[in-house]
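# A closer look at the structure
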Amino acid sequence: MDLLFTPYLATSICAALVVVSLFKLLNKRPNLDHIPIVGHRSLLESYWFTKGLEVDNARFVQEGLDKYKSGVFRIANLTHWIVCLPRRDLERVARASEDHLSFYHAMDKAVKTDYTFGIGIHGYHHAPLIESHLTRNLSVLYTDVRDEIVTACNELLDMKHNEWKTISVVPATLSIASRASNRIFVGLPLCRNQDWLDFNIKVPHAVVKEARILRLFPDFMGPSFVTNLSERISRGATFLGPVIKERLKHMEAEGTDWCDKPNDFLQWWLDASHETCLTMLTRRIVSLNFAAIHTTSGTLSEALLNLAGHPQHAQTLRDEVEAVIGKYGWTKEALSKMRKVDSFLRETQRFEGLVLLGIMRVAMCDITLADGTLIPRGTSLAFPVHAMHHDETVFENANVFEPFRFAEMQDNESERSRHQMVALTPDMLSFGMGKRACSGRFFAATILKTMLAHVVMTYDVKRVNDERSPNSLRIGSAIMPNPTAKIMFRKRVN
Ligand code: HEM
């Protein structure tokens, strides 16, 4: 009797909770009746037709832009509406404070950080340490970053001269990006531990799935039963535990400095926060990996696919890298002189990028847009970043991949730094804009430029059988390189 009863009871309780939560959500939602709808007519309809998975934002954003010249429209996104805004509101939104338009609340809506990482809205403090330690130390850390990239490439692309080898792009770039990032996050030897890397590579998939269910429950229900948080963090702690223990031992015995003291994110965190709790430290490092790995590897995949698709540009890049390295060696300073490499990557971000909708924010109070539209408190806002990157009024031949367009802009303008990969401008939003722009972008650009420069100097790259690579995937608001994409590498004879 008990055995039969338990699953029915559990299912009924869950169903009741979901219904109550949906009612709660629907009653609480801000009144957006004055904003035109594109796509599904209601939240429930969006849920029904997508089976609770992803809304076809690629189609709906384009429909909205074609239909509404004001650029203000809303898309039903399962549990909440997303209001799309036009370029004219960009600067104001990007510069708004957390009290007005919150990045952290938007992030929480998307990935429910409290339940998936154990870090609440007010506890996500990576940015200051990234800015104060990681970005400022990049020249010193550069040798390690390059060493990890070169070693990872040698292992992954292990090949004899004159032999073409087919490589699956996404797994290869995930491996390189996770190794290079972790060399600086946790150091050697953990950054080469395949189980640690696989664990971090897989976390985002689990988090996205859990967040989909979590969004159905209001926070007062404390829906932690939906997630695998404690298992996730215990698993992470099995890798980090011995490393942290060793470091705390040194700190206890030798204070703030000792011979061969690691210069990595974990150590900066230990020094700066005096945080010694293994669980909290693991949450921080795992969520840092979440921010870094798939973003960097996704961009790297797209760049390699572009290189294979446009092999005529490889020699131009090679000439630049050769000249710069001849003068400055493999240094951070050399990277800053590689304008064409930088431009190739910025154009890769513009042309494809990782998001259809970006600069996501939640209104923390009522606000009025430039055209007078009222945005009530609690509304989710976003900009059609991908479409903005393809705006012909901003970029000539916007639908053509022109790898050196930003290098040429640098040549032609006095304000050259405006067109560098890491520059935040209203025209290029890959790293966001304003107060919450990506703090890891200098590190990401260092990895990406080093990798592209290393590849053109060491390998020839081409498409497999001259075939076009499969299109990237559009899933919800995200753009992802196609996991089946392959390209061929051959070691160059120098
Ligand atoms: C090509 C790689 C990357 C891309 C395209 C990217 C993109 C972004 C974007 C679009 C945002 C939100 C900005 C906004 O809404 O205004 C963001 C935020 C953030 N990114 Fe990145 N990111 C990348 C790599 C990294 C790396 C390597 C790290 C860590 C070292 C990192 C750490 C962060 C953090 C901590 C935030 C939150 C900012 C804050 O707390 O103020 N990102 N990133």
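Scroll up to find the structure this text is about.
Residues numbered from 1 in each chain as written. Predicted model: local features only at pLDDT ≥ 70, side-chain atom pairs only at ≥ 80, totals over all residues. Heavy atoms only, no water.

### Focus on unusual backbone geometry
- Omega for the peptide link from leucine 188 to proline 189 comes to 0°, which places this bond in the cis form.
- Mapping proline 189 onto the fold places it in the loop between helix 9 (169–185) and helix 10 (194–214).
- With a phi close to 65°, aspartate 260 is a non-glycine residue in the positive phi region.
- Secondary-structure assignment places aspartate 260 in the loop between helix 11 (229–254) and helix 12 (265–273).
- Of note in this structure, isoleucine 359 is not a glycine but carries a positive phi near 45°.
- Examined against the element boundaries, isoleucine 359 turns out to sit in strand 6 (residues 358–363).
- Judged by relative accessible area, which is 8%, isoleucine 359 ranks as buried. (Helix = DSSP H or I, 4+ residues; strand = E, 2+ residues; numbered from the N terminus. Buried < 20%, exposed > 50% of the residue type's maximum accessible area, 1.4 Å probe, protein only.)

### A short note on the site of the ligand
- In the region of the ligand, 27 residues are neighbours, and Tyr104, Thr299, Arg361, Arg436 and Cys438 sit closest.
- Within the side chain of arginine 436, one N or O atom sits 3.0 Å away from an oxygen atom of the ligand. (Near = heavy atom within 4 Å. Polar contact = N/O pair within 3.5 Å; in protein donor to acceptor, adjacent residues only side chain to side chain.)

### Re the packing of helix 14 (residues 314–328) against helix 16 (residues 339–351)
- One way to put it is that helix 14 packs onto helix 16 with a least axis distance of 8 Å and a crossing angle of 135°. As judged from the angle between their axes, helix 14 and helix 16 are oblique. Contacts between helix 14 and helix 16 pair Thr316, Leu317, Glu320 and Val321 from the former with Arg339, Lys340, Val341 and Phe344 from the latter.
- Grouping the amino acids of the contact of helix 14 with helix 16 by side-chain chemistry returns four nonpolar, one polar and three charged. (Axes fitted to C-alpha atoms, helices over the stretch in contact; angles between N-to-C directions. Parallel < 35°, antiparallel > 145°, perpendicular 65-115°, else oblique. Contact = heavy atoms within 4.5 Å. Nonpolar A, V, L, I, M, F, W, Y, C, P; charged D, E, K, R; others polar.)

### Digging into helix 5 (residues 103–111)
- Inspection of helix 5 places Tyr104, Ala106, Met107, Asp108 and Val111 among the buried residues, and these make up the whole buried set.
- Looking at where helix 5 begins, the residue whose side-chain oxygen comes 3.3 Å from the main-chain nitrogen of tyrosine 104 is serine 102.
- Downstream of helix 5 by a residue or two, lysine 112 has a phi angle that is positive, lying close to 50°.

### Describing the coordination of the iron atom of the ligand
- Protein coordination of the iron atom of the ligand is limited to a single donor, Cys438 (SG), positioned at 2.3 Å.
- Residue placement: cysteine 438 occurs in the loop between helix 18 (405–412) and helix 19 (441–458). (Donors = N, O, S within 2.8 Å, 3.2 Å for Na, K, Ca; no water.)

### Quick word on the packing of aromatic side chains
- Here the structure, examined in full by the defined rule, presents 14 aromatic pairs.
- With 5.9 Å between their ring centres and 50° between their planes, phenylalanine 185 and phenylalanine 443 make a pair best called tilted. Placement of phenylalanine 185 in helix 9 and of phenylalanine 443 in helix 19 is noted, with a sequence separation of 258 residues between them.
- An aromatic cluster of at least three residues, connected via ring pairs, comprises Phe185, Phe265, Trp268, Trp269 and Phe443.
- Directly above the aromatic system of phenylalanine 406 lies the positively charged group of arginine 346, at a separation of 5.0 Å from the ring centroid.
- The residue whose ring lies beneath arginine 350 is phenylalanine 395, and the NZ or CZ to ring-centre distance is 5.1 Å. (Phe/Tyr/Trp six-rings, centres within 6.5 Å; stacked < 30°, edge-to-face > 60°. Lys NZ or Arg CZ within 6 Å of the ring centre and 35° of its normal.)

### As for the environment of serine 287
- Among the structural elements, serine 287 can be located in helix 13 (residues 278–309).
- For serine 287, a relative accessible area of 0% corresponds to the buried category.
- Spatially, the C-alpha atoms of serine 287 and serine 439 are 14 Å apart, while their sequence positions differ by 152 residues.
- Here arginine 284 takes part through its backbone oxygen, which lies 3.1 Å from a polar atom of the side chain of serine 287.

Shape descriptors only; they carry no functional weight alone.
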